[in-house]
Number of protein chains: 2
Amino acid sequence: MSKIANSFQEAQQAFLILKQQSNRDRTTFLEEIANQIELLKEELIPMAAKESNLPEGRITGELGRTVGQIRLFAGLVKEGSWVEAVIDHEDSERKPVPKPDIRRMLRPLGPVVVFGASNFPLAFSTAGGDTISALASGCPVLYKAHPAHPETSRMVAKAIQTAVGICQMPEGTFQHIEGGIDTGQELAAHPLAKAVAFTGSFKGGKALFDTCNKREIPIPVYAEMGSVNPIFVLEAYLSENLESAATAYANSLVLGVGQFCTNPGLIFVPKSHEAAFSSQVISQLKTVAGAPMLHEGICKTYHEALKNLAISEKLEWLLTTEANQLLIGNPSLAKVKASDWLNEEAFQEEVFGPFAIMVVYDSIAELEEVAVQLKGQLTCTVWGTSTELSGNKTFLNLLEERCGRLLFKGVPTGVEVGHAMQHGGPYPSTTDSRSTSVGSFAIKRFARPIAYQDTPEVLLLEELKDENPLQILRKVDGEYLR
Amino acid sequence: MSKIANSFQEAQQAFLILKQQSNRDRTTFLEEIANQIELLKEELIPMAAKESNLPEGRITGELGRTVGQIRLFAGLVKEGSWVEAVIDHEDSERKPVPKPDIRRMLRPLGPVVVFGASNFPLAFSTAGGDTISALASGCPVLYKAHPAHPETSRMVAKAIQTAVGICQMPEGTFQHIEGGIDTGQELAAHPLAKAVAFTGSFKGGKALFDTCNKREIPIPVYAEMGSVNPIFVLEAYLSENLESAATAYANSLVLGVGQFCTNPGLIFVPKSHEAAFSSQVISQLKTVAGAPMLHEGICKTYHEALKNLAISEKLEWLLTTEANQLLIGNPSLAKVKASDWLNEEAFQEEVFGPFAIMVVYDSIAELEEVAVQLKGQLTCTVWGTSTELSGNKTFLNLLEERCGRLLFKGVPTGVEVGHAMQHGGPYPSTTDSRSTSVGSFAIKRFARPIAYQDTPEVLLLEELKDENPLQILRKVDGEYLR
């Protein structure tokens, strides 16, 4: 048996135990993972900073976020209502046929394959949102480490294994797997895999999506593949907030050297204020010191993407960067007319790094056309005055079709981890716009409903017993009750 | 522009209006559809009976179910909590960065393509569960009529169109489309289609699934493709209930001439009681008068499937049927040893009609092997005494992985339309085990979450306004509130 086949056997054995455990057991386990990662802090932060080229301050914040989201899921599991329990009691007197007793709840899917992301060595990696939400739902995880930060990944994997030991979880609960693209494909194709979670490039996500749909038994793929996250700036708003808008935009564009899925790589600016706005943005960008990108491969791709775009005669370059740098990603900015943007699909493609296209528009009618042609995005942002927003409902109505999150203030970078977050938009930003990879709803990706009909009380799961021992919120005979 | 392209343009125009309508408008519309169908009763019942070869009594029941499920969805929309509204309020004082205001809810996907089923000319057809749950969510529907009952379909379509007119819904809200397989494929492939719902054969469902995954922008396919719905009879139970078990089984097998997705085409019986049980079942089946199937094509397929199985030397035939009948589907029964069943995948394939394989087992260990090898099912049923059920948790734990609904009493046919129903199991019984095509959760198939960040109060949808004008259940800052 191959090593991977063996890993799946272990995961499947673990699954049969995990799915019978109580919420309390699962909560304790998640809390222990958070504790173990905090204990590692002193060694983990410098290692993650070293392997990702990200500053220690940023990594410290990311560690806080990682631990915070583990505790969010621990709280969600402890509270327990996420399983959507529904009870329809029997009615033996009903005519023409008696009504059976049916009870439904979400149950874990089985072994989940999780792929780590290079741009978040902690929060979207080994003990990141995908791994934790899968474990929270009761699924074992086969984690494919990202080769960009191998030591960081091993350290976090060890922390999880320690928690597995302390909490006496089955051995196959979490498995750390290293390898390349072939290993990833083998994991996704294995018959015992029940779902895949991925954060990364369109190419990588699409390849997994295709593999999983061609399997004898297709499985869901939750691939978050990034987007260009347009910001639409309306005229009156811009005339009142020119300077603050330029500052906010420039800061968001270069945050983390532009290496965020929610980096705003497109900004739509009215013709009337374009010159003033762009000169402000450029002067802000010029003050940004070049910073190292995650690794040389990403930096090379960044410069190649810019080189490819430079061929276009429609783009006017406002700020260019040297292409001969091995690791440094300097900000870069180009400008195009909305009418030209509408005719060239390449202007919608994500350039991973601190680059943006500023699109100059003449009218709201043009923005409505943009909204129709725009590809699926994680986020869209509209900056307008109250009057402008209320007066352009058609545009907003069209625009919400293109994104998972619609912002009316602030910038798309800095994704809040909470209950209301939706981090997942229409394809190609993700492969499944019905799901989120950030926030508490992420747990639902790894579960499916099962209905139990006329089940003896003794066999019912706690969530479905009449006396409601967990005091969760349930729908009972059509009424929400606790 | 082709006729279909034109239909999608109309649907898309309708969508932009539908998704802004109030719950009240949508509720009134659904109720009006139910009323219009009831008004048609006198003409509709004989027509559906004539076109499906099903008795008028059965069609009368199906009409009641159809109208009942429309009212179930009307009630769900009126109550409004199905949208999973979540509000996380801002915290401008939070350090290091202020917390934004984020509000999330489910929003309709867009134009949905629905395929009618031949075996339910009303409940799974023109105004069936798929159409109604899509309309309930706020999606326009392009309905591809099933060619087996064209007049029935036209009559119901006209009822829906009348409701569209009375309620002043946009014209493209519901469109009735006739055609063959090519038309269906063209509908599923159109760029403006946002989801597909289908009930029918594995071949048909799989073809749509493949088409939709190969699109430039893949879309979800909810295909319910049927299954063999095994019943597992345990020894002590059978010794105590031999006669009633045989009667219940035989009745379920021949109900609707075996043309239900939940028809129990497999039954596992302990060796000790197999002879007594099968003789009871056979004598019951022999009393059943041959009845016409839905159409000649289905009857031909039924007889061909039996002919193909007859080649196997492992099957012992207990009851055979004449293959030269054009329309009549007589019950048929074959027997096989569990050890042989485990070695032959063909014994798991659905034979659409009143045919079953009785699998004779020696031990629970053998049933555990069966549970591991069993393909995904809409339902699995276990008949056991309390002691037997409690004593075989490993088997039950394995078995629930293979189905969407697990029954401990009664038969899988007769799918209850309610809040707790799950009609959708692991592949190949459906293409998406996370969804149901029966019951109120069916509405969730046609929606996706959108998060609105820092949205001006005046732009918020009613579901997300602070004062909660609809009085729906929401999660506000982590607490469930109304």
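Attention here is on the structure that accompanies the text. Predicted model only: the values in this text are computed from it and were never measured. (Residues numbered from 1 in each chain as written. Chains lettered and ligands numbered in written order. Predicted model: local features only at pLDDT ≥ 70, side-chain atom pairs only at ≥ 80, totals over all residues. Heavy atoms only, no water.)

What follows is about the overall build of chain A. Counting its secondary structure elements, chain A contains 15 helices and 19 strands. Over its C-alpha trace chain A gives a radius of gyration of 24 Å, about what one expects of a compact globule, namely 23 Å for 482 residues. Referenced to the eigenvectors of the C-alpha coordinate spread, the extents of chain A come out at roughly 75 × 55 × 40 Å. Contacts in chain A between residues far apart in sequence, at least 24 positions, make up 75% of those at least 6 positions apart. Of the roughly 17800 Å² that chain A leaves accessible, carbon and sulfur atoms contribute 53%. (Helix = DSSP H or I, 4+ residues; strand = E, 2+ residues; numbered from the N terminus. Rg over C-alpha atoms; globule rule 2.2 N^0.38 Å. Contact = heavy atoms within 4.5 Å. Areas by Shrake-Rupley, 256 points an atom, 1.4 Å probe, with all protein chains shown as cover.)

When chain A is brought onto chain B, the operation consists of a screw motion whose angular component is 180 degrees and whose axial shift is 0.0 Å, with 0.0 Å RMSD remaining. Both copies are brought into coincidence by an operation consistent with a two-fold rotation axis. If distances are taken from each C-alpha of chain A to the rotation axis, the shortest is found for Asn213(A), at 3.7 Å. (Least-squares fit on C-alpha atoms with pLDDT ≥ 70 in both.)

All names here are of chain A. Across the seven residues of strand 2 (residues 102–108), seven count as buried, placing the element largely inside the fold. Both faces of strand 2 are covered, namely the face carrying Ile 102, Arg 104, Leu 106 and Pro 108 and the face carrying Arg 103, Met 105 and Arg 107. Across three bridges, the pairing between strand 1 (residues 86–88) and strand 2 is antiparallel. Its bridge partner lying in strand 2, Ile 87 is registered against Arg 103. Bridge count between strand 2 and strand 17 (residues 447–453): seven bridges; the pairing is antiparallel. In the sheet register, Ile 102 faces strand 17, and the bridge partner there is Gln 453. (Buried < 20%, exposed > 50% of the residue type's maximum accessible area, 1.4 Å probe, protein only. Pairing = 2+ DSSP bridges.)

Residues and elements named next belong to chain A. Sheet topology places strand 4 (residues 141–144) next to strand 5 (residues 174–177); four bridges connect them, and they run parallel. In the sheet register, Leu 142 faces strand 5, and the bridge partner there is Gln 175. For the handedness criterion, the β-α-β arrangement of strand 4, helix 5 (residues 150–166) and strand 5 is classed as right-handed. (Right-handed = clockwise from strand over helix to strand, strands pointing away.)

So, on to the interface of chain A and chain B. It is common to give the size of an interface as the accessible area that goes away when the parts come together. If you look at the interface, chain A gives 73 residues, while chain B gives 73 residues. Of the roughly 6300 Å² buried at the junction of chain A and chain B (both faces included), carbon and sulfur atoms supply 55%. Inspection of the chain A/chain B interface yields ten salt bridges. When the shortest N-O distance is used, the salt bridge between Lys19(A) and Glu401(B) registers 2.6 Å. There are 41 residue pairs in polar contact (both at pLDDT 80 or more) connecting chain A and chain B. Sorting elements by how many residues they give to the side of chain A that touches chain B places strand 17 of chain A first, with seven residues. Counted by class, the side of chain A that touches chain B contains 35 nonpolar, 13 polar and 25 charged residues. Summarising the sheet, strand 16 (residues 403–407) of chain A and strand 17 (residues 447–453) of chain B pair through three bridges and their orientation is parallel. Residue Arg405(A) lies in a different strand from strand 17 of chain B, and its bridge partner there is Ala451(B). (Buried area = accessible area lost by both parts, 1.4 Å probe. Salt bridge = Lys/Arg side-chain N within 4 Å of Asp/Glu carboxyl O. Polar contact = N/O pair within 3.5 Å; in protein donor to acceptor, adjacent residues only side chain to side chain. Nonpolar A, V, L, I, M, F, W, Y, C, P; charged D, E, K, R; others polar.)

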